[in-house]
Amino acid sequence: MVVPTSMTDALRRAADLGRHGAFLAGGTWLMRDRQPPSTWVAVHRLSELRGGGTTEDHTRWGAMTTHSELGRVAGHPALRAVATAARTSAFPQVRAVATIGGNICARGFVEADLVPALLAVGARVQLHTVDGAETCPLEDHLGTAPDRDRPALLVTVSAGHGRQRRSGYGRITVRGGGEYPLTAVAVSAELTTSANGVRATDVRFVVGAVEHQARRVAEAETALEGTDLGPEAGRSAAAAAAAALTARDDLYAPGWYRLAVLPTVVAAALADLHSVAPV
Ligand SMILES: Cc1cc2nc3c(=O)[nH]c(=O)nc-3n(C[C@H](O)[C@H](O)[C@H](O)COP(=O)(O)OP(=O)(O)OC[C@H]3O[C@@H](n4cnc5c(N)ncnc54)[C@H](O)[C@@H]3O)c2cc1C
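It should be emphasised that the depicted structure is a prediction, and the values quoted were computed from it without experimental measurement.

Some thoughts on the sheet that holds strand 6 (residues 132-137)
In spatial order, the strands read 3-4-7-5-6; together these five strands make up an open sheet with antiparallel pairing. Edge strands, defined here as strands with exactly one partner in the open sheet, are strand 3 (52-54) and strand 6. Taken over all neighbouring pairs, the strand axes of this sheet differ in orientation by 20 degrees on average, direction set aside. The pairing of strand 3 with strand 4 (residues 58-62) spans three bridges and is classified as antiparallel. Within the sheet, the bridge partner assigned to Gly-53 lies in strand 4 and is Arg-60. Contacting strand 5 (124-129) and strand 7 (153-160), helix 1 (residues 7-17) runs over the sheet at an angle of about 120 degrees to strand 7.

Remarks on the packing of aromatic side chains
The final tally for this structure, using the stated rule, is three aromatic pairs. The structure contains a cluster of three or more aromatic residues connected by ring pairs, namely Trp-29, Phe-109 and Tyr-180.

Quick word on the environment of Gln-126
When you line up the elements, Gln-126 lands in strand 5. In this structure Gln-126 comes out as partly exposed when scored by relative accessible area, which is 24%. The spacing of Gln-126 and Thr-264 is 138 residues in sequence and 34 Å in space, taken between C-alpha atoms. The contact partners of Gln-126, leaving out residues within four places of it in the chain, are Ala-133, Glu-134, Thr-135, Leu-153, Leu-154, Val-155 and Thr-156.

As for the layout of surface pockets
Size it by volume and the second largest pocket reaches roughly 390 Å³. Its residues placed into classes, the lining of the second largest pocket shows 12 nonpolar, 12 polar and three charged.

Describing the environment of Glu-232
Relative to the elements of secondary structure, Glu-232 occurs in helix 9 (residues 231-244). What makes Glu-232 exposed here is its relative accessible area of 61%.

Examining the site of the ligand
Close to the ligand lie 31 residues; Phe-23, Gly-26, Thr-28, Thr-99 and Asp-113 are nearest. A distance of 2.8 Å separates an oxygen atom of the ligand from a polar backbone atom of Gly-27. At 2.9 Å, a backbone N or O of Leu-30 approaches an oxygen atom of the ligand. The protein chains hide 91% of the 990 Å² of surface that the ligand would expose on its own. Put simply, the parts of the chain that give the shell around the ligand at least two residues each are strand 1 (21-24), helix 5 (100-105) and strand 7. If one sorts the elements of the shell around the ligand by residue count, helix 5 sits on top with four residues. Split into classes, the residues belonging to the shell around the ligand amount to 19 nonpolar, nine polar and three charged. Built from parts of two domains, the shell around the ligand gets at least three residues from each of domain 1 (48-160) and domain 2 (165-274).

Some details on the domain arrangement of the protein
As far as domains go, the protein holds domain 1 (48-160) and domain 2 (165-274). Of note, the centres of domain 1 and domain 2, computed from C-alpha atoms alone, are 20 Å apart. In this complex, domain 1 contributes 25 residues to the contact, which on the side of domain 2 involves 25 residues. Across the domain 1 to domain 2 interface the summed buried area is about 2000 Å²; carbon plus sulfur atoms make up 56%. The three residues of domain 1 that bury the most area against domain 2 are Val-110, Glu-111 and Ala-120, which together make up 29% of that side's buried surface. Applying the counting criterion to the domain 1 and domain 2 interface returns four salt bridges. Here Arg-80 and Asp-272 are joined by a salt bridge, their closest N and O atoms 2.6 Å apart. Run the count over domain 1 and domain 2 and you get 14 residue pairs in polar contact (both at pLDDT 80 or more). For the side of domain 1 that touches domain 2, the secondary structure elements donating two or more residues are helix 3 (80-88), helix 6 (114-120) and helix 7 (138-142).

Some points on the sheet that holds strand 11 (residues 215-216)
Read across the sheet, four strands follow the order 8-9-10-11 without closing on themselves; strand pairing throughout is antiparallel. On the outer flanks of this sheet lie strand 8 (165-172) and strand 11, each paired with one strand and no other. Sheet topology places strand 10 (residues 197-208) next to strand 11; two bridges connect them, and they run antiparallel. What sits directly across from Val-207, in strand 11, is Arg-215. Across the sheet, helix 11 (residues 262-274) lies against strand 8, strand 9 (183-194) and strand 10, angled at about 145 degrees from strand 8, the strand it touches most.

Cut-off values and rules
- Residues numbered from 1 in each chain as written.
- Predicted model: local features only at pLDDT ≥ 70, side-chain atom pairs only at ≥ 80, totals over all residues.
- Heavy atoms only, no water.
- Pairing = 2+ DSSP bridges.
- Helix = DSSP H or I, 4+ residues; strand = E, 2+ residues; numbered from the N terminus.
- Axes fitted to C-alpha atoms, helices over the stretch in contact; angles between N-to-C directions.
- Contact = heavy atoms within 4.5 Å.
- Phe/Tyr/Trp six-rings, centres within 6.5 Å; stacked < 30°, edge-to-face > 60°.
- Buried < 20%, exposed > 50% of the residue type's maximum accessible area, 1.4 Å probe, protein only.
- 1 Å grid on protein atoms, 1.4 Å probe; cavity = no way out; pocket = protein on both sides within 12 Å on 5 of 7 lines; lining within 4 Å.
- Points joined across faces, edges and corners; volume = space filled by probe spheres on them.
- Nonpolar A, V, L, I, M, F, W, Y, C, P; charged D, E, K, R; others polar.
- Near = heavy atom within 4 Å.
- Polar contact = N/O pair within 3.5 Å; in protein donor to acceptor, adjacent residues only side chain to side chain.
- Areas by Shrake-Rupley, 256 points an atom, 1.4 Å probe, with all protein chains shown as cover.
- Domains from an automatic or database assignment.
- Buried area = accessible area lost by both parts, 1.4 Å probe.
- Salt bridge = Lys/Arg side-chain N within 4 Å of Asp/Glu carboxyl O.

Now the structure itself:
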């Protein structure tokens, strides 16, 4: 293992190692690797990956922010989905060391909890390569194949938060807490309140763990747009999502089951969203 203290050194080491090396953050995903690379490039001493902060309209997390830290800090109500996803993922021991950067960069990790929540709140990622820094929407980053010759270090994750935006997260597991989700849903929307009640606009609806990559489901967003995000709207969104998704089978659950539980998971996500009153 090498432990660089500068990003330039970390990127150079990773580029030299190519497929024989990998960045190591909390190590909770990498520890499952049956054919580990010969050298880990540990990133815990890189100060740029630590800390973060919140302004009136923006929150930024360093890539080394742990699930525990994300779940503990209540943060802005618009980002509640991220805090709930972090707090309900894995076990306390794992959450204490697992990082937001690792969750995003664990390629092929279908059940990652933070990813759907971050997609729903429109998160952006800042990456550094030997060629410099670049920032892009998280969904673009997830859709780009990693380049071994030009490794990218994820440095920060950020998300904006309008005053009227709210978000929520729901997940279901085989036996209860502490396991990967079979189905996960994150919802984010602008809520306006009038004499006629609450109305949701600019809805973002993301499903994780069901297909091979978490993604927004436009059909469910349309079903929720303009509604009060109440139980009936939730059921319509779940039906629209079930019709649009191609669910995968694995050892833990067949695809049909992942879709059958969607109404329950959507209801949980909407209850989480409504747990903070709109303004
Ligand atoms: C028992 C157990 C239960 C778990 N349950 C859950 C769960 O319920 N939900 C869930 O979401 N996850 C779960 N996980 C998986 C894991 O904890 C998370 O995915 C975690 O967020 C990974 O973070 P890490 O810091 O440990 O990543 P690491 O294992 O250190 O790295 C993961 C990948 O990301 C790359 N990487 C890490 N940081 C960076 C960076 N800054 N820039 C570029 N690449 C980087 C690494 O090279 C590696 O490919 C569980 C793990 C265990 C062991």
